[in-house]
Amino acid sequence: MTEPDDAAARRAAAPVICYPNETLPQPDLALYRAARVGASKTAEVLAAPRDAAAFRVPAGHFFRITSVDGPQVGDLNLWSVDDLTERFYSGKTRALHGTHITTGERMWSSLPHLRPMATVIEDTLNWYGIDEYGGSVHDVIGTRCDPYTGHLLAGTQYHHCCHSNLTRALSDETGLPLHEAERHVHDVLNVFMCTGFTRDTGQYFMKASPVRPGDYIEFFAEIDLLGALSACPGGDCSAQHSSDAAACFPLLVEVFAPAPGALEGWSSPARSGYDGTHGRGPVAGRAG
Ligand SMILES: [Zn+2]
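Residues numbered from 1 in each chain as written. Predicted model: local features only at pLDDT ≥ 70, side-chain atom pairs only at ≥ 80, totals over all residues.

**Student:** Sorry, what's going on with the overall build of the protein here?
**Tutor:** Helices and strands together make up the secondary structure of the protein, namely six helices and 13 strands. Along the first, second and third principal axes, the C-alpha set of the protein runs to 65 × 50 × 40 Å. The long-range share in the protein, meaning contacts at least 24 apart out of those at least 6 apart in sequence, stands at 72%. (Helix = DSSP H or I, 4+ residues; strand = E, 2+ residues; numbered from the N terminus. Contact = placed C-beta atoms within 7 Å.)

**Student:** What is the right way to read the environment of P233 from this model?
**Tutor:** Within the secondary structure, P233 is located in the loop between β12 (225–231) and β13 (251–257). With 25 C-beta atoms counted inside 10 Å, the residue P233 sits in the buried group. When the C-alpha atoms of P233 and C162 are compared, they prove to be 7.3 Å apart, with 71 residues separating the residues in sequence. Excluding residues that lie within four positions of it along the chain, P233 makes contacts with R50, C145, H160, C161, H241, S242, S243, D244, A246 and C248. (Buried ≥ 20, exposed ≤ 12 C-beta atoms within 10 Å, placed from the backbone.)

**Student:** Is there a simple way to think about helix α3 (residues 90–97) in this case?
**Tutor:** Side chains of residues three or four places apart in an α-helix project in the same direction, reflecting 3.6 residues per turn. Turning to α3, its buried residues are S90, T93 and H97. All buried residues of α3 project into a common sector of 60 degrees when viewed along the axis, lining one side. (Arc of directions from axis to C-beta.)

**Student:** How do you make sense of the nonpolar core when you look at a structure like this?
**Tutor:** What tends to happen in soluble globular proteins is that the nonpolar side chains get buried as a cluster. Counting residues in hydrophobic clusters, the biggest one holds 59 residues, and the most contacted among them are A221 and L229. Contacts of A221, omitting those with residues within four sequence positions, involve V57, P58, A59, G60, H61, F62, F63 and A118. (Core = buried A, V, L, I, M, F, W, Y, C linked by C-beta atoms within 7 Å.)

**Student:** Please explain the pairing of strand β9 (residues 189–197) as it appears in this structure.
**Tutor:** Successive residues of a regular strand alternate their side chains across the two faces of the sheet. By the criterion of burial, β9 is predominantly enclosed, with eight of the nine residues buried. Relative to β9, strand β4 (residues 74–80) runs antiparallel, the two being bridged by three bridges. Bridge pairing links G74 to V191 in β9. Of the strand pairs in this sheet, strand β8 (residues 136–139) and β9 are connected by three bridges, and their pairing is antiparallel. Bridge pairing in β9 links D139 to N190. By the bridge criterion, four bridges tie β9 to strand β10 (residues 204–207) in an arrangement that is antiparallel. In the strand pairing of β10, G196 is matched with F205. Counting the residues that bridge the hairpin from β9 to β10 gives six residues, and of these G202 lies at a positive phi of roughly 70 degrees. (Pairing = 2+ DSSP bridges.)

**Student:** Explain the environment of F88 here, please?
**Tutor:** If you trace the backbone, F88 turns up in the loop between β5 (83–87) and α3. Separated by 154 residues in sequence, F88 and S242 have C-alpha atoms that sit 23 Å apart. Among all residues touching F88, those that are not within four sequence positions of it are N77, L78, M107, S109, M117, H186 and L189.

**Student:** Please clarify how unusual backbone geometry should be interpreted in this entry.
**Tutor:** What you tend to see is this: most non-glycine residues have negative phi, and most peptide bonds are trans. A cis geometry characterises the amide bond from L111 onward to P112, with omega recorded as 5 degrees. Here P112 shows up in the loop between β6 (106–108) and β7 (116–123). Positioned with a positive phi, C237 is a non-glycine residue whose angle comes to about 60 degrees. With respect to the helices and strands, the residue C237 is situated in the loop between β12 and β13. With 26 C-beta atoms packed within 10 Å, C237 lands in the buried category. Despite not being glycine, H278 shows a phi value in the positive range, around 50 degrees. Tracing the backbone shows H278 in the segment after β13. H278 gets classed as exposed once you count the C-beta atoms within 10 Å, which come to 9.

**Student:** Is there a simple way to think about the sheet that holds strand β1 (residues 40–47) in this case?
**Tutor:** Within a sheet, each strand pairs with its neighbour through backbone hydrogen bonds, oriented either parallel or antiparallel. Across the sheet, six strands lie side by side as β1-β13-β3-β11-β7-β6; this open sheet has antiparallel pairing. Of all strands in the sheet, those with a lone pairing partner are β1 and β6, marking the two edges. Strand after strand, the sheet turns through a mean of 20 degrees between neighbouring axes, direction not considered. By the bridge criterion, six bridges tie strand β3 (residues 62–67) to β13 in an arrangement that is antiparallel. (Axes fitted to C-alpha atoms, helices over the stretch in contact; angles between N-to-C directions.)

**Student:** Help me out: how do you make sense of the environment of V73 in this one?
**Tutor:** Secondary-structure assignment places V73 in the loop between β3 and β4. As for V73 and L153, which are separated by 80 residues in sequence, their C-alpha atoms are 22 Å apart. Setting aside its immediate chain neighbours within four residues, V73 contacts N190, V191, F192, M193, S209, C232, G234, D236 and C237.

**Student:** Would you explain helix α4 (residues 147–154) in this entry?
**Tutor:** Counting buried residues in α4 gives zero out of eight residues, a small share hidden from the surface. Taken from the residues just after α4, G155 is the one with a positive phi, measuring 70 degrees.

In C-alpha cells:
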C-alpha cells in the first residue's frame with residue numbers, strides 16, 4: 001500500500017500512557033522491609049532442573065526465589081489458596097507496571113478480583129535496567145514454554161516445558177487430576193529471564209540471563225498464596241528452550257514468617273470494589 005500524504009504527521013502523534021499509575025495504591029515497603037528483618041524461615045523447597053515445585057505462603061509472610069548452582073530462569077504461577085480461579089494476571093500487571101517488574105511493583109490477580117497477590121520487596125538484579133536491545137529482567141510479556149507450541153513449530157513431544165512442569169506440580173500439591181490442574185496453569189512471571197521485543201520486527205526475544213548464583217527476588221504475600229515455580233528447560237535462556245539441550249540448574253524457594261505484631265496496621269487487600277453488575281442490575285452472591 002502507498003502511504004497517505006500525512007503519514008509522517010500521523011506517526012508523529014505522541015504516545016500516551018494507557019494506565020497512568022499515580023493513583024495506583026502503593027505498598028508500604030518500609031513496613032514490609034522492617035517486618036522482614038525479624039522474620040524467620042518456615043519452609044523451603046527446591047525446584048529441580050526441568051521440573052517444578054509447589055509452595056504455600058500465608059498472607060503477610062515472605063517468599064524468596066534464589067538462583068543456586070548456575071544461571072537459571074524460573075516460571076512462576078500464583079493462585080489464591082481458597083480459589084484457584086483467582087490467579088496471577090500477567091496482562092494487567094504488564095498494563096499497570098510495564099513489561100518487566102522489580103522492587104515496589106506487584107503481581108495482580110485476575111478479574112473479577114484484581115488485587116495485589118504479591119509485592120516485590122527486594123530484587124538483586126534491579127541494577128540491570130533496560131539494555132541496548134530493549135531487554136530487561138523478570139518479564140510479564142512471555143507466556144511459558146509449552147509442549148503445544150513446541151509441537152506446532154517442531155512436531156516434538158517434549159514433556160518438561162514449564163507448562164507441563166507447573167501442571168504436574170499443581171496436580172501433586174492439590175490432588176487435582178492432571179488435566180484439571182492443567183486448566184489452572186496460566187501466563188507466568190518470568191523470574192530472572194531477560195527478554196524484550198525486537199525493534200525491527202516486534203518479535204519476543206530472550207537473551208542470556210544476567211542472573212548468577214546468589215541472586216534473588218523476594219516477595220511479600222498480600223493474600224494466602226499457593227505458588228508453583230518451574231526451573232525452565234531453557235536454563236539461562238541464552239540459546240533455546242523446550243528441549244533438553246540447555247544446561248539447567250535448580251531454583252530455591254524459601255518462605256519466611258514475620259515476628260508477631262511486626263505488621264501492625266497492615267491488612268490483606270480486599271477484592272475489587274467494582275459492583276460487578278456490568279449495567280444489568282445486582283448480581284447475587286457477589287461480595288467485596
Ligand atoms: Zn520454560
